[in-house]
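Structural overview for review
Each chain, letter by letter, is given below.
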Amino acid sequence: MITSLGAKTEVLIEALPYISRYEGKTFVVKYGGAAMVDDDLKETFAQDVTLLKKIGIKVAIVHGGGKEITGIASKLGLESRFVNGQRYTDAPMMDVVQMVLAGKTNKDIVGRINRHDGEAVGLCGIDAHVLKVKKFEEGGVDLGLVGEITGVNTVYLNLLLNNGIMPVIAPIGVNNACEPHNINADVAASAIAAELKAEKLVFLSDVEGVMAADLLVPSMDQSLAEKLMADGVISNGMIPKIRSAFTALRAGVNKVHLIDGRIKHSILLEIFTDLGIGTELVHAGEGAAVTV
């Protein structure tokens, strides 16, 4: 019992300087992967973000929901098609995206957080024009109703955050004609973090972080990231995540974390312990002495 109590005390003492450092700061958390599927992980995520808020951190959440969209679309007889890893979104699929993301998925997350007194509110980019978009166009690829973010209503988001409300945002935006568009959740989280000048952007996914030769890369600046992408160490779906993360860093975000949402309380372990558990993406010269 004494050893157990001593260990608990050490954890609290280790966390204290981080709590002091981040009080009043803004964190943006991209919520996805197994942490959105497993009931135990859903519960610990709700506990973690509520705890962050209770100690004075302003938390905004951007969530995914691709598996749920695919499942509902299939039940409705709609085929899910992907182009370069992104969902092709025609008008019928956009209806499903809006129904799932801005509907059940969003409200399930909000309800779970509020059961822990997290004071969350569910939004999508349509609300108060939180996410303004234009049609995504890159390399001549047509993805249908997929949007590229052109603006974030930070006035509205800060109004919520500064009054103790936790926005939970579904990645759907609107163009100038108020037509809804699907948005990649990683890109949406990065854009929101950049515009809010967030202290931290945290990506929860189903990987430990960036791995090289079966070893976790604990810290990485853009030069190292570019080398790892050129060498094929970082590939596939991790590439847009990494690129959007460094876009956020260049725009004023202080640090980005890639952590394994399959680990209970992974957010707290990464932020409030000296070693952390994932990969942190940093500005050049800030803790990125790792070489691969």
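For the structure given in this document, a descriptive report is provided here. (Residues numbered from 1 in each chain as written. Predicted model: local features only at pLDDT ≥ 70, side-chain atom pairs only at ≥ 80, totals over all residues. Heavy atoms only, no water.)

**Re the overall build of the protein**
Counting its regular elements, the protein contains nine helices and 16 strands. Along the first, second and third principal axes, the C-alpha atoms of the protein reach 60 × 45 × 35 Å. Expressed as a percentage of its 292 residues, the buried residues of the protein come to 47%. Long-range contacts, defined here as pairs at least 24 residues apart, represent 73% of the contacts in the protein between residues at least 6 apart. Of the roughly 13,600 Å² that the protein leaves accessible, carbon and sulfur atoms contribute 55%. (Helix = DSSP H or I, 4+ residues; strand = E, 2+ residues; numbered from the N terminus. Buried < 20%, exposed > 50% of the residue type's maximum accessible area, 1.4 Å probe, protein only. Contact = heavy atoms within 4.5 Å. Areas by Shrake-Rupley, 256 points an atom, 1.4 Å probe, with all protein chains shown as cover.)

**A closer look at the packing of helix α6 (residues 185-196) against helix α8 (residues 238-250)**
Running from amino to carboxyl end, α6 crosses α8 at an angle of 10°, the nearest separation of the two axes being 9 Å. Here α8 runs roughly parallel to α6, going by the angle between their axes. From α6, Asp 186, Val 187, Ser 190 and Ala 194 reach across to α8, where they touch Lys 241, Ser 244, Ala 245 and Ala 248. Considered class by class, the residues forming the contact of α6 with α8 number four nonpolar, two polar and two charged. (Axes fitted to C-alpha atoms, helices over the stretch in contact; angles between N-to-C directions. Parallel < 35°, antiparallel > 145°, perpendicular 65-115°, else oblique. Nonpolar A, V, L, I, M, F, W, Y, C, P; charged D, E, K, R; others polar.)

**Re the pattern of salt bridges**
For the structure on display, the rule yields twelve salt bridges. For Lys 135, the salt bridge is made with Asp 142, and the minimal N-O distance between the two is 2.9 Å. For Asp 142, a relative accessible area of 43% translates into the label partly exposed. If you follow the salt bridges from partner to partner, you end up with Lys 30, Asp 186 and Lys 241 in one network. (Salt bridge = Lys/Arg side-chain N within 4 Å of Asp/Glu carboxyl O.)

**Re the packing of helix α7 (residues 222-230) against α8**
Orientation of α7 relative to α8, taken along the N-to-C sense of each, is 165°, at an axis distance of 11 Å. Classified by the interaxial angle, the pair formed by α7 and α8 is roughly antiparallel. Where α7 crosses over α8, the handedness of that crossing is left-handed. Residues Gln 222, Ala 225, Glu 226 and Met 229 of α7 touch α8, and the partners they reach there are Ile 239, Ile 242, Arg 243, Phe 246 and Arg 250. Here the residues of the contact of α7 with α8 sort into five nonpolar, one polar and three charged. (Left-handed = near helix turned anticlockwise from the far one by under 90°.)

**What about unusual backbone geometry?**
One non-glycine residue, Cys 178, lies in the positive phi region at around 65°. Structurally, Cys 178 can be placed in the loop between β9 (172-174) and β10 (180-182). Relative accessible area serves as the criterion here: at 47%, Cys 178 is assigned to the partly exposed category. The phi angle at His 265 is positive, at roughly 60°, despite the residue not being glycine. Relative to the elements of secondary structure, His 265 occurs in the loop between β15 (255-260) and α9 (266-272). Given a relative accessible area of 31%, His 265 falls into the partly exposed group.

**Focus: the nonpolar core**
In this structure, Val 28, Leu 131, Ile 192, Leu 201, Met 220, Ile 242 and Leu 281 are the most contacted members of the largest nonpolar core, which totals 42 residues. Setting aside chain neighbours within four positions, we find Leu 131 in contact with Gly 125, Ile 149, Gly 151, Val 152, Ile 169, Pro 171, Ile 172, Gly 173, Val 174, Ile 183, Ala 188 and Ile 192. (Core = buried A, V, L, I, M, F, W, Y, C linked by side-chain atoms within 4.5 Å.)

**Some points on the pairing of strand β5 (residues 120-124)**
Looking along a regular strand, one sees the side chains alternate between the two faces of the sheet. Across the five residues of β5, four count as buried, placing the element largely inside the fold. Sheet topology note: the β5/strand β8 (residues 166-170) ladder contains five bridges and is parallel. Bridging across to β8, Gly 122 finds its partner in Val 168. (Pairing = 2+ DSSP bridges.)

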